[in-house]
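# Fold and geometry: a report
Chain residues, written in single-letter form:
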Amino acid sequence: MGTYFSHILFGVDGGGTGCRVAARDISGHLIGEAKGGPANYASNNQQAIANVRDAVAALARDHAISDEVLGASVSHIGLAGVMTNDDAAAVASAMPFGHANVSDDRMTSLEGALGAGFGVLAAIGTGSFVAARSATGTRSFGGWGLQLGDQASGAWLGREALRSSVLAHDGLAEHSDLTQTLLAHYDGTLPAMIAFAGHATPRDFAAHARLVVDAAHAGDAIATKLMQRGADYLNTCLAMADPGPSDPLCLAGGVGPHYAKYIASPFRERLQAPKGTALEGALALAKQAYDRLSNTP
């Protein structure tokens, strides 16, 4: 028989690299966490749902949470690539929770980074988006996927670095240590690189982002140019999203903090560490949903 919890809250954070799920009791005590595979709904909706369900099942198994308790729980699920109400409804209906609230990861990330306060978040991992909260509401930029967006993201950096390697190979641009390293990774043959790119997912492209970040830190000209191009996009978003001169700016995600020295100085001076993660934001939103349900006659 599973352990009994009178009230339980679940938070889920999912993106192109993986998903995480956490459970807390109503007093805020952490019951447990689990990790799973990629969960970008737009990239592969069935994979995203399956990986989240597997992570939830692992957490439930590890902490003896019964199906009955899951069926009475309240959750908030934030997944990259959830674009429409139909997307959210499809995810919610596939989950084992009694009450499943679903959004994209912008909402959970912003809640985690800012708490109840105002400010701007640039969340840059496999994908990217910029979001801001002010007294007049919330607005966001990006988060539309690599095909048409995700500028400055890990996937974008990886793809653009490969493009730079192709240009250098063809003699249309200078080589650098970065482009030479990337070509060597594909046995020095352009066809192997092209074959990779033909079926690469955003996660696959993002696997090269660390090479770009490290090369830029070492002074590589091409890597530095790519980081500055990403920062130029972020600067434009930040200028549009900025709710006020005294509000904080948070750089989050696996790539985000590496842009700190590249963004414009007015924004750089306002950098603060995020208050929490997107997973913590999901848990906070689950608690808000629970409070609303508790106050419903």
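For the structure itself, consult the block above.
Now for a look at the structure at hand. Worth saying up front: this structure is predicted, and the values here are computed from it rather than measured.

## Quick look at the packing of aromatic side chains
Two measures describe an aromatic ring pair: the distance that separates the ring centres and the angle between the ring planes. Evaluation of the coordinates by the stated rule reveals 3 aromatic pairs. Where F10 meets F97, the ring centres are 4.8 Å apart and the plane angle is 35 degrees; that geometry is what we call tilted. Taken together, the positions of F10 in strand β1 (residues 8-14) and F97 in the loop between α3 (85-94) and β5 (99-103) put the pair 87 residues apart, joining distant regions of the chain. F97 matches F10 in its accessibility class, with the two residues each being buried. On the numbers, 5.4 Å between centres and 40 degrees between planes, the contact of Y186 with F196 is tilted. Of the two residues, Y186 sits in the loop between α6 (177-185) and α7 (190-199) while F196 sits in helix α7, which places them 10 residues apart along the sequence. Grouping aromatic residues by their ring pairs yields a cluster made of Y186, F196 and F205. Stacked on the ring of W144, the Lys or Arg R106 has its end atom at 4.7 Å from the ring centre.

## Thoughts on the sheet that holds β5
With respect to topology, 5 strands assemble into an open sheet ordered β3-β2-β1-β4-β5, the strand pairing being mixed. Looking at strand neighbours, the two that pair on one side only are β3 (30-36) and β5, the edges of this open sheet. Mean inter-strand twist for the sheet, computed between neighbouring axes without regard to direction, equals 15 degrees. Where strand β2 (residues 19-25) and β3 come together, 6 bridges link them in antiparallel fashion. The residue bridging C19 from the neighbouring strand is G36, located in β3. Here helix α12 (residues 278-294) sits on the sheet in contact with β1, β2, β3, β4 (74-79) and β5, set at roughly 140 degrees to β1.

## What to know about the pairing of β1
It is a general feature of regular strands that their side chains alternate between the two faces of the sheet. By the criterion of burial, β1 is predominantly enclosed, with 7 of the 7 residues buried. Residues I8, F10, V12 and G14 line one face of β1 and the alternating positions L9, G11 and D13 line the opposite face, and both faces are buried. Sheet analysis places β1 next to β2, joined by 7 bridges and oriented antiparallel. Of the residues in β2, the one forming a bridge with D13 is R20. With 6 bridges connecting them, β1 and β4 associate as parallel partners. Paired with L9 across the bridge in β4 is V74.

Scoring rules and cut-offs
- Residues numbered from 1 in each chain as written.
- Predicted model: local features only at pLDDT ≥ 70, side-chain atom pairs only at ≥ 80, totals over all residues.
- Heavy atoms only, no water.
- Phe/Tyr/Trp six-rings, centres within 6.5 Å; stacked < 30°, edge-to-face > 60°.
- Helix = DSSP H or I, 4+ residues; strand = E, 2+ residues; numbered from the N terminus.
- Buried < 20%, exposed > 50% of the residue type's maximum accessible area, 1.4 Å probe, protein only.
- Lys NZ or Arg CZ within 6 Å of the ring centre and 35° of its normal.
- Pairing = 2+ DSSP bridges.
- Axes fitted to C-alpha atoms, helices over the stretch in contact; angles between N-to-C directions.
- Contact = heavy atoms within 4.5 Å.

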